[in-house]
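# Examining the three-dimensional arrangement
Residues per chain, in single letters:
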Amino acid sequence: MRNVAIIWKKEIDSYFVSPVAYLLLTMFGLIFGFFFWNAVSYFVIIGIESQMRGGGGPMSVNEYVIRPLLSNVSVVGLFFIPMITMRLFAEEKRTGTIELLATSPIRDIEVILGKWLAALTLYGCMLLFTALNFSFLFRYGNPDWKPLAVGYLGLLLQAGGLLAVGTLISTMTRNQIIAGAATFGVCLLLWVLEWVSGYETATWAVVLSYCSVITHFESFAKGVIDSKDLVFYVSLIFLGLFLTSRSMESLRWRA
Amino acid sequence: MITVEGLTKRYARHVAVNNISFSVEKGQIVGFLGPNGAGKTTTMRILTCFLPPTAGKATVAGFDVLEQPMEVKRRIGYLPETPPVYPEMEVAEYLRFVGKLKGLSGANLGHRVDEVSNRCAVADVKHKLIGKLSKGYRQRVGLAQAIIHNPDVLILDEPTAGLDPKQINETRDLIKSLAGDHTIILSTHILPEVEQTCEQVIIISQGRVVATDSVQNLQSGTRGAETIRVEVSGRDGSIEAGAVRQKLEQVAGVSRVVLRESSPQLAVLEVESLKGKVVRGDIARAVVQAGWNLNELHTAAHTLEEIFLQLTGAQPTLEAPASGEKQ
Ligand SMILES: Nc1ncnc2c1ncn2[C@@H]1O[C@H](COP(=O)(O)OP(=O)(O)OP(=O)(O)O)[C@@H](O)[C@H]1O
Ligand SMILES: [Mg+2]
């Protein structure tokens, strides 16, 4: 545990001494701010229209603002994850510092966990920006906080899985750009897999769309913890981290 | 302290280390010598548990590198070929990080960081970013991280590469001062370094050990014959070097004569005797009888360079370029 914390701290420091973290946070903050502004404006217009038509009772902020915004975040996250993970191992391999880690009395899995947790922490910081925006909703309205909390849990789980995949890919090359591009490709693929369910119902299509990380987020966005989706994300995290440790091992045998 | 038996490392097609065996006693400094691509780094990487061997066995402090890597790693300090430093960290911050990785903590950690930064002369750049240091300073930081946890065994891959002459001497002194408590293996291309620093030398070439012995034994014993250095000048102030050489070649028991230096006034030659022959007296007599002055005559130790070139298969280039003659 202590070793995981040492690696975690080192990675966090290195995210925050370089412009990487600030750049990601700023970009994410701007993009999300735009989404938020759009969603709220749209909500207000729809609200006024429905009142003019004398339509039913008050509209739910949760349904019309929070839920779509959470889904947006889950998709935008796909674009940021490669930038968070690409350097994790690729850089250590390029500069040779991997030799220090691999010859210190610390297990591979501790290195991997430390790095993965640091990546997840940075993603968590990005989510803080969204929380800042959401807090306005609480200031001026009274949304239900429970679905929002479940939504955040879903976002962290989804990111955890994808970050584990990104970490795995980062162990396979010494070139950050290759690691980033490959991770981006995989993230994109895991997103669009779900499209096949639109026109096909055969088993292969069901399997493919099951593998799509985005479909599993829908229940979380609604504020429901579906054990099926929970299992999917947790398995993705375990699989990703397990394969990363295998990959580190095999690097040595092949090196 | 370190034993290596039948160690082999095969990369995809290429055999980098081929069935090598050696052992190192506790407290010794051993020089690992070999031309580029000989397999020095590969052997060191196996000893530090970075690479697994293809075949054979290596133990450090009694622990097998494959079976108990954690125990081995706890006991070694390793300076790889390129210092494993993070450019975005400050020197002190980096040393603290490595110290923690090696299991140090609390007051002891701070104490060790101070101690190694003083010993490796990086105390004055403690708060500089490593990325902004010169190559030599980065090398010193690399050395400092290797000794931070006061390991039993130090494995240093070309520890003086990139240092200035003053720092090279200081580093050699540092390494020597670490011997005794620590067992040290260092690799190098620099032959005087081995002569000055190491007690024992292991010469490897193309993945095989070609010699392992103490530095003294190697210097005196490889050819089983004596090399004698002779300096001759003419009585009237001028001398014909070729004539001296011819004369000495005729002395019984001499296998060959090499001209080292020649000028109109002076000739310096190296005379090699046949195995087991003592020819010093005969040489002196021959010189004097020919009417020359014998300025100097002594047994020359083989330079490690010669031995190295001989053992690793390259032709020794004994001929001094100034003589302009081929033997
Ligand atoms: N990762 C690798 N894959 C394939 N071959 C390798 C690898 N690393 C080293 N080799 C080969 O193994 C041989 C030994 O290399 P090694 O780095 O051990 O030599 P060295 O003695 O340290 O040389 P130098 O003095 O140049 O540092 C070389 O022929 C090298 O090309
Ligand atoms: Mg080398």
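Residues numbered from 1 in each chain as written. Chains lettered and ligands numbered in written order. Predicted model: local features only at pLDDT ≥ 70, side-chain atom pairs only at ≥ 80, totals over all residues. Heavy atoms only, no water.

Per the secondary structure count, chain A includes 11 helices and 0 strands. Relative to its full complement of 255 residues, chain A shows a buried share of 50%. When the accessible surface of chain A is totalled, it reaches about 12200 Å², and 70% of it is carbon and sulfur. Averaging the locations of the 18 positively and 16 negatively charged side chains of chain A gives two centres separated by 6 Å. (Helix = DSSP H or I, 4+ residues; strand = E, 2+ residues; numbered from the N terminus. Buried < 20%, exposed > 50% of the residue type's maximum accessible area, 1.4 Å probe, protein only. Areas by Shrake-Rupley, 256 points an atom, 1.4 Å probe, with all protein chains shown as cover. Lys, Arg positive; Asp, Glu negative; His and termini not counted. Charge placed at Lys NZ, Arg CZ, Asp CG, Glu CD.)

What follows concerns the side chain of T97(A). Summarising the element assignment, T97(A) is placed in the loop between α4 (87-95) and α5 (98-102). Of the residues examined, T97(A) reaches a relative accessible area of 0% and is grouped as buried. The contacts of T97(A), once residues within four sequence positions are left out, are E92(A), P84(B), V85(B) and Y86(B). (Contact = heavy atoms within 4.5 Å.)

Residues and elements named next belong to chain B. Pairing is antiparallel across the open sheet formed by 4 strands, whose spatial order is β12-β13-β11-β14. Each having just a single partner strand, β12 (254-262) and β14 (292-299) make up the two edges of the open sheet. Neighbour to neighbour, the strand axes of the sheet diverge by 25 degrees on average, direction disregarded. Two elements, β12 and strand β13 (residues 266-273), share 7 bridges in a ladder whose sense is antiparallel. Each residue of the ladder has a partner; that of V254, found in β13, is S273. Each of β11 (227-234), β12, β13 and β14 is contacted by helix α9 (residues 241-249), which is oriented at about 160 degrees to β12, the strand it contacts most. (Pairing = 2+ DSSP bridges. Axes fitted to C-alpha atoms, helices over the stretch in contact; angles between N-to-C directions.)

To continue, consider the interface of chain A and chain B. Residue-level contacts link 24 residues of chain A with 32 residues of chain B. For the pair chain A and chain B, the summed buried surface comes to about 2500 Å²; carbon and sulfur atoms form 64% of the total. At the boundary of chain A and chain B, one finds 1 salt bridge. Two residues, E99(A) and R45(B), come together in a salt bridge whose shortest N-O distance is 2.9 Å. Our count for the chain A to chain B interface comes out at 8 residue pairs in polar contact (both at pLDDT 80 or more). Every element with two or more residues in the side of chain A that touches chain B is listed here: α1 (2-17), α4, α5 and α11 (227-254) of chain A. When residues in the side of chain A that touches chain B are grouped by element, the largest group, 7 residues, is from α1(A). (Buried area = accessible area lost by both parts, 1.4 Å probe. Salt bridge = Lys/Arg side-chain N within 4 Å of Asp/Glu carboxyl O. Polar contact = N/O pair within 3.5 Å; in protein donor to acceptor, adjacent residues only side chain to side chain.)

Quick look at the packing of aromatic side chains now. In total, this model carries 15 aromatic pairs over all chains according to the counting rule given. Ring centres of F220(A) and Y233(A) lie 5.9 Å apart, and the angle between their planes is 40 degrees; on these two criteria the pair is classed as tilted. Residue F220(A) is located in helix α10 (residues 217-221), and its partner Y233(A) is located in helix α11; the two are separated by 13 residues in the primary sequence. Given the relative accessible area of 0%, Y233(A) is considered buried. The ring of Y137(B) has R140(B) sitting right over it, with the charged end atom 4.1 Å from the ring centre. (Phe/Tyr/Trp six-rings, centres within 6.5 Å; stacked < 30°, edge-to-face > 60°. Lys NZ or Arg CZ within 6 Å of the ring centre and 35° of its normal.)

Right, let's talk about the confidence of the model for chain B for a bit. All names here are of chain B. Per-residue confidence for chain B gives a mean pLDDT of 85, with 89% of residues at or over 70. Within chain B, the lowest mean pLDDT, 65, falls on helix α8 (residues 215-221), and the highest, 96, falls on helix α3 (residues 91-101). Note on residues 315-327: pLDDT is under 50 here. Beyond four places in sequence and across chains, it has 21 contacts. Overall fold confidence (pTM) sits at 0.83, and the ipTM for the predicted complex is 0.88. (pLDDT = per-residue confidence, 0-100.)

All right, on to the site of ligand 1 then. Lining the immediate surroundings of ligand 1 are 14 residues, of which K40(B), T41(B), T42(B), E81(B) and H189(B) lie closest. Ligand 1 is flanked by residues contributed from chains A and B. Bound to the protein, ligand 1 loses 67% of the 640 Å² it would expose on its own. Broken down by element, the shell around ligand 1 gets its largest block of residues, 3 residues, from helix α1 (residues 40-47) of chain B. (Near = heavy atom within 4 Å.)

Once that is clear, we can look at the nonpolar core. Residues F134(A), Y94(B) and F97(B) are the most contacted members of the largest nonpolar core, which totals 139 residues. Excluding residues that lie within four positions of it along the chain, F134(A) makes contacts with F32(A), F36(A), I66(A), L69(A), L70(A), L148(A) and Y152(A). Among the nonpolar cores identified, the runner-up in size contains 19 residues, and V257(B), L259(B), A267(B) and V279(B) belong to it. (Core = buried A, V, L, I, M, F, W, Y, C linked by side-chain atoms within 4.5 Å.)

A few words on the environment of A202(A). Residues and elements named next belong to chain A. Structurally, the position occupied by A202 is in the loop between α8 (176-192) and α9 (203-211). Residue A202 is classed as partly exposed on the basis of its relative accessible area of 26%. Residues A202 and V165, spaced 37 residues apart in sequence, show a C-alpha to C-alpha distance of 27 Å.

As enumerated under the stated definition, the model contains 21 salt bridges over all chains in all. In this structure, E110(A) and R107(A) form a salt bridge, with 3.9 Å as the shortest nitrogen-oxygen distance. Assessed through its relative accessible area of 9%, E110(A) is described here as buried. Close ionic contact of E71(B) with R75(B) constitutes a salt bridge, the shortest N to O distance being 3.0 Å. Residue E71(B) and its partner R75(B) are located together in helix α2 (residues 69-75), separated by 4 residues, close to a single helical turn. Accessibility expressed as a relative area gives 24% for E71(B), which makes it partly exposed. You can call R75(B) partly exposed: its relative accessible area is 22%. Among the ionic contacts, a cluster of salt bridges with common partners joins K10(A), E11(A), R87(A), E92(A) and K115(A).

It is worth spelling out α1(B) at this point. Of all the 8 residues making up α1(B), 7 are buried; the element is thus mostly covered by neighbouring parts of the structure. Within α1(B), the full set of buried residues consists of K40(B), T41(B), T42(B), T43(B), M44(B), I46(B) and L47(B).

Working reference: metal with six octahedral donors, ideal angles 90 or 180 degrees; metal with four tetrahedral donors, ideal angle 109.5 degrees. Surrounding the magnesium ion (ligand 2) are the protein donor atoms T41(B) (OG1) and E81(B) (OE), which sit 1.9 to 2.2 Å from the metal. Note that T41(B) is positioned in helix α1 and E81(B) in the loop between β6 (76-79) and α3, a separation of 40 residues in sequence. (Donors = N, O, S within 2.8 Å, 3.2 Å for Na, K, Ca; no water.)

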